[in-house]
Amino acid sequence: MTTIQIIDPTSSPTLREWPSALYLHIPFCPTHCHYCDFAVTVGTTSLIEQYVQYLLQEIELTPSQGQPLASVYFGGGTPSLLTPQQLERILLALDHHFHIAKTAEITLEANPGTLNKRTLTTFQHLGINRISLGVQTFDETMLKRLGRNHTVQDTYEAVDAIRRAGFTNLSLDLMFGLPEQTLANWQTSLTSALALAPEHISAYDLILEPTTPFGRAFQSGCAPLPTEEATITMYLDLI
Ligand code: SF4
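Quantities reported herein were computed from a predicted structural model and do not represent experimental measurements.

Caption draft 1: Examining the overall build of the protein chain more closely. Along the backbone of the protein chain there are nine helices and eight strands. The C-alpha extent of the protein chain, read off along each of the three principal axes, is 65 × 50 × 35 Å. Across the 239 residues in the protein chain, those meeting the buried criterion constitute 42%. Sequence separation of 24 or more characterises 75% of the internal contacts of the protein chain that already satisfy a separation of 6 or more. For the protein chain, the accessible area works out to roughly 13,100 Å², and carbon and sulfur atoms hold 56% of it. Each charge sign in the protein chain was given a centre, from 12 positive and 23 negative side chains, and these centres are 8 Å apart.

Here's what the structure looks like:
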């Protein structure tokens, strides 16, 4: 006979000890990548300050779980478009309202071309201790095809600046299954990423979102996109 154990969620240690993690969305980008359907806005940097003020209000209105935050993640969008002062105000509000644990991981998503060593050093002084860099590919032509707003050289300069500023926790975002991407091209991207010795890699198989230029131009599994078999091989290579 099977016995079903009913667990009272309020008494479950797993739930009570659930890590306290917070994601803040910063929806501003200099340009719109051709595959992206995230909630972002382009050419509206004049609204960033107003958005920060709304975020501060939102923080005040959000009930605190009564335990310090173990993880804070500034995602986007391009959070590295915020000034250090704006990030500082948000972090101070979070610490005041929720408390940020001394050991918390605080991540900032950034795009190559938006960083320099001076700003990065200031970010670090604010307590930001992890950078997630939107690299996507080490192929110049592919970057243009994706509508990315940076070059491969920008990526190398950003990683150099991140390391020189003292960050010891770096994550690189990569994409595969891209138009006209070959297996050799993907392997070059992977090798180039690994040569930079990041602490973490996030890799995304392209999803065709219907409202994007890619979604309108391409059909899954059909040229110029790689076949399903080729994309699976890329995934296995990644692993
Ligand atoms: S930088 Fe990121 S969030 Fe902004 S448009 Fe490109 S993919 Fe989307």
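Caption draft 2: Inspection of the site of the ligand at higher detail. All residues in the neighbourhood of the ligand are listed as Cys29, Thr31, His32, Cys33, Tyr35, Cys36, Phe38, Val40, Gly76, Gly77, Asn111 and Arg148. For the ligand, the cavity whose grid points lie within 2 Å of the majority of its atoms is the largest pocket. Grouping the constituent residues of the shell around the ligand by class yields six nonpolar, five polar and one charged.

Caption draft 3: A look at the side chain of serine 80. Here serine 80 is to be found in the loop between β4 (69-76) and α3 (84-97). Within the local environment of serine 80, its side chain forms a polar contact with the side chain of threonine 114, the two groups lying 2.8 Å apart. Look past the residues within four positions of serine 80 in its chain and what remains in contact with it is Leu108, Glu109, Ala110, Asn111, Thr114 and Leu115.

Caption draft 4: Structural detail: helix α6 (residues 152-164). Under the 1.5 Å per step criterion, the end-to-end length of α6 is 19 Å for 13 residues, consistent within 8% with the ideal 18 Å. Regarding α6, the residues found buried are Val152, Thr155, Ala158, Val159, Ala161 and Ile162. Against the buried residues of α6 lie α4 (117-125), β6 (130-136), α5 (140-146) and β7 (170-176). Measuring from the side-chain oxygen of the N-cap residue of α6 to the backbone nitrogen of glutamine 153 gives 3.4 Å; that N-cap residue is threonine 151. Glycine 166 occupies a position one or two residues after α6 and carries a positive phi of about 105 degrees.

Caption draft 5: Local environment of the sheet that holds strand β5 (residues 100-110). Ordered in space as β1-β4-β5-β6-β7-β8, the six strands form an open sheet in which the pairing is parallel. Looking along the sheet, the strands with just one partner apiece sit at the ends: β1 (21-26) and β8 (200-205). Going across the sheet, the axis of each strand differs from the next one's by a mean of 20 degrees, ignoring polarity. Here β1 runs beside β4; their pairing, made up of six bridges, is parallel. Paired with histidine 25 across the two strands is glycine 75, which belongs to β4.

Caption draft 6: Molecular detail of the layout of surface pockets. Volume-wise, the largest pocket comes out at about 780 Å³. Every residue lining the largest pocket is counted, 41 residues in all, and those nearest its centre are Tyr35, Phe38, Gln136, Arg148 and Asp173. Secondary structure elements with two or more residues in the lining of the largest pocket: β4, β5, β6, β7 and β8. At five residues, the largest contribution of residues to the lining of the largest pocket is made by β6. Each residue belonging to the lining of the largest pocket can be placed in one class, and the counts come to 17 nonpolar, 16 polar and eight charged.

Caption draft 7: Focus on the pairing of β7. With seven of its seven residues buried, β7 lies for the most part within the structure. Burial of β7 is two-sided: the residues Leu170, Leu172, Leu174 and Phe176 facing one way and the residues Ser171, Asp173 and Met175 facing the other way are all buried. Pairing geometry for β6 and β7, over five bridges, is parallel. Across the sheet, glycine 134 pairs through a bridge with aspartate 173, a residue of β7. Taken together, the six bridges between β7 and β8 define a ladder with parallel strand orientation. Paired with leucine 174 across the bridge in β8 is alanine 203. Once you follow β7 into helix α7 (residues 183-195) and on to β8, the crossover reads as right-handed.

Reading the values: the criteria
- Residues numbered from 1 in each chain as written.
- Predicted model: local features only at pLDDT ≥ 70, side-chain atom pairs only at ≥ 80, totals over all residues.
- Heavy atoms only, no water.
- Helix = DSSP H or I, 4+ residues; strand = E, 2+ residues; numbered from the N terminus.
- Buried < 20%, exposed > 50% of the residue type's maximum accessible area, 1.4 Å probe, protein only.
- Contact = heavy atoms within 4.5 Å.
- Areas by Shrake-Rupley, 256 points an atom, 1.4 Å probe, with all protein chains shown as cover.
- Lys, Arg positive; Asp, Glu negative; His and termini not counted.
- Charge placed at Lys NZ, Arg CZ, Asp CG, Glu CD.
- Near = heavy atom within 4 Å.
- 1 Å grid on protein atoms, 1.4 Å probe; cavity = no way out; pocket = protein on both sides within 12 Å on 5 of 7 lines; lining within 4 Å.
- Sits in = over half its atoms within 2 Å of the grid points.
- Nonpolar A, V, L, I, M, F, W, Y, C, P; charged D, E, K, R; others polar.
- Polar contact = N/O pair within 3.5 Å; in protein donor to acceptor, adjacent residues only side chain to side chain.
- Expected span 1.5 Å × (residues − 1).
- Pairing = 2+ DSSP bridges.
- Axes fitted to C-alpha atoms, helices over the stretch in contact; angles between N-to-C directions.
- Points joined across faces, edges and corners; volume = space filled by probe spheres on them.
- Right-handed = clockwise from strand over helix to strand, strands pointing away.

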